Amino acid sequence: MKKQYFSIFLLFFALMNCETSDAQSNKNSKTENNKDSLMFAKIYEQALVRGKCYENLDYLANKIGARLSGSPQNAAAVEWAKQIMDTLGFDRVELQPVMVPHWVRGKKEVAKIISSKSGATEVPILALGGSAATPFGGLVANVVEVKSLEELKNLGKEKVQGKIVFFNKAMNPMFLDTFDAYSDVVGLRAGGASEAAKLGAVGVVIRSLASNLDNFPHTGGVRYEVNVPQIPAVAISTNGAELLSKLISQQTDLQFFMEISCKFIGEKLSYNVIGEIKGSEKPNEYILVGGHLDSWDVGQGAHDDGAGVVQSMEVARIFKALNYKPKKTLRVVLFANEENGLKGGKEYARVAAEKKENHIVALESDAGGFLPIGFSVGAKGEAFKKYKAWEELFQKFNVFKITEGGGGADISPLKPLGTVDAVILPDSQRYFNYHHTVEDTFDKVDKRELELGAAAMASFMYMLSEMK
Ligand SMILES: [Zn+2]
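Keep in mind that what you see is a predicted model, and the values were worked out from it rather than measured.

Participant: How would you sum up the domain arrangement of the protein chain? Please name residues and give values.
Facilitator: When its domains are assigned, the protein chain resolves into domain 1 (2–102 + 266–466) and domain 2 (106–261). Listed by partner, the interface residues are 15 residues for domain 1 and 18 residues for domain 2.

Participant: Lay out the pairing of strand S11 (residues 282–292) in plain terms, naming residues and giving numbers.
Facilitator: Alignment of S11 against strand S12 (residues 328–335), held across 8 bridges, turns out to be parallel. By the bridge assignment, Gly-290 is partnered in S12 with Val-333. Running through helix H8 (residues 302–321), the crossover from S11 to the neighbouring parallel element S12 is right-handed. Note: S11 against strand S13 (residues 358–364), 6 bridges, orientation parallel.

Participant: Lay out the packing of helix H3 (residues 53–64) against helix H4 (residues 72–86) in plain terms, naming residues and giving numbers.
Facilitator: How two helices pack is summed up by the angle between their axes together with the distance between the axes. Put simply, H3 and H4 touch, their axes get as near as 11 Å, and they point 160° apart. The angle between the axes of H3 and H4 places the two elements in the roughly antiparallel class. The two elements H3 and H4 meet at a crossing, and its hand is right-handed. In this structure, H3 uses Asn-56, Tyr-59, Leu-60 and Ile-64 to contact H4, whose residues at the interface are Gln-73, Ala-76, Ala-77, Trp-80 and Ile-84. Split by residue class, the contact of H3 with H4 holds 7 nonpolar, 2 polar and no charged.

Participant: Tell me about the sheet that holds strand S3 (residues 119–122), and please be specific about residues and values.
Facilitator: Spatial strand order, S3-S2-S9-S5-S6-S7-S8-S4: 8 strands in an open sheet with mixed pairing. The sheet is open, and its two borders are formed by S3 and strand S4 (125–127), each paired with just one other strand. When strand polarity is set aside, the average angle formed by the axes of neighbouring strands in this sheet is 30°. In terms of strand pairing, strand S7 (residues 203–207) meets strand S8 (residues 233–236) through 4 bridges, oriented parallel. Across the sheet, Ile-206 pairs through a bridge with Ala-235, a residue of S8. Along the sheet, helix H5 (residues 149–160) makes contact with strand S5 (139–146) and strand S6 (164–167), crossing S5 at roughly 145°. Where helix H6 (residues 178–198) meets the sheet, its contacts fall on S6, S7 and S8, and the angle it forms with S7 comes to roughly 155°.

Conventions adopted
- Residues numbered from 1 in each chain as written.
- Predicted model: local features only at pLDDT ≥ 70, side-chain atom pairs only at ≥ 80, totals over all residues.
- Domains from an automatic or database assignment.
- Contact = placed C-beta atoms within 7 Å.
- Pairing = 2+ DSSP bridges.
- Helix = DSSP H or I, 4+ residues; strand = E, 2+ residues; numbered from the N terminus.
- Right-handed = clockwise from strand over helix to strand, strands pointing away.
- Axes fitted to C-alpha atoms, helices over the stretch in contact; angles between N-to-C directions.
- Parallel < 35°, antiparallel > 145°, perpendicular 65-115°, else oblique.
- Left-handed = near helix turned anticlockwise from the far one by under 90°.
- Nonpolar A, V, L, I, M, F, W, Y, C, P; charged D, E, K, R; others polar.

Right, here's the structure in full:
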């Protein structure tokens, strides 16, 4: 107990020091700044000393686990989230119905590189989410390797017809933010299958979108164009991709075998889980914090996006624990179906538009539960300046930057309604080691980093609540 007070004292002491160094700044803004600093300190104390988000993530990841839209685990996650929200003292908790696609992976995928020189070598693959199945008993064909859609088009029909196209583009390590490296290659995963099918390919193998070399393939959505044959699409692990490329360079008529049995089995009812605290001064102005409750069907969806889910709920818990009543109406929203449809985000925005709810700003956490380094806000020029002005305050808590940009898939449908989109920026260096793999598990999330993220988000939501 003594130790706890001591550390809080240290935190306050650090803040007081910061204040006295600002002697020249005008008195009003200083008082304001001081008030906000003290509130931040209280928020951080709640998150770091009395935090509940790690415990909640433990349950969601370890007891419920992977929760793809339509699965029984997804339904369990909705029920669990509602029960937690019921204990957080919201004015209102709502399950907003959403119809979601239900796709199942089927039996474990099998793939082999077949060489006339070295025989068959099994390699790890995962079907891409939404992929069509191979014929029963599998599919075997020669492989053609490309690094881009342009290279594929240049090969033309005669070189692609009847073959499996292997897209072998690694994530570029020169991007400091790994999300930029991901954006650079994700088009191949989403659109590569249809482009290959237009040239008569019978299947595609995508090098996993990963920052590292290992044996774990990364799934993710494939998007088929209408009126183009839907050919099976799989991701191969990065080590598997290296091996396949090496063997292709040694033998031009190398063959690849794959067998996947995934399929769509219709639509299912799911829900956005919504908690609301009415604003004390501007109840008709909404500020939203959220993440997505669904995940892919491998691993535990711990970073993606279990972390965002428990951090968003933690914002409300912290406000209640501090007896802080937001001035604008706070919504905590756990969206359905981000991974393979975005149906939750779209339905939320549709209802918000229908009810003419004025969502001022929405903050999403969907980039992993790593150490927070900043926020990105989708406002420009003059409008951005008021957010940028918070940077100094956040820097006292080691959250270094507030940048222009925004983002967040689930909140993107709110943008046409005039909502400013914002995202928390965790350190991105390890995210794409685990993203959409069996490795995205609870043990990969650091308690301290997760809690620091929740504290930064609660501080950001407090600033939004107070913002004139
Ligand atoms: Zn996500």
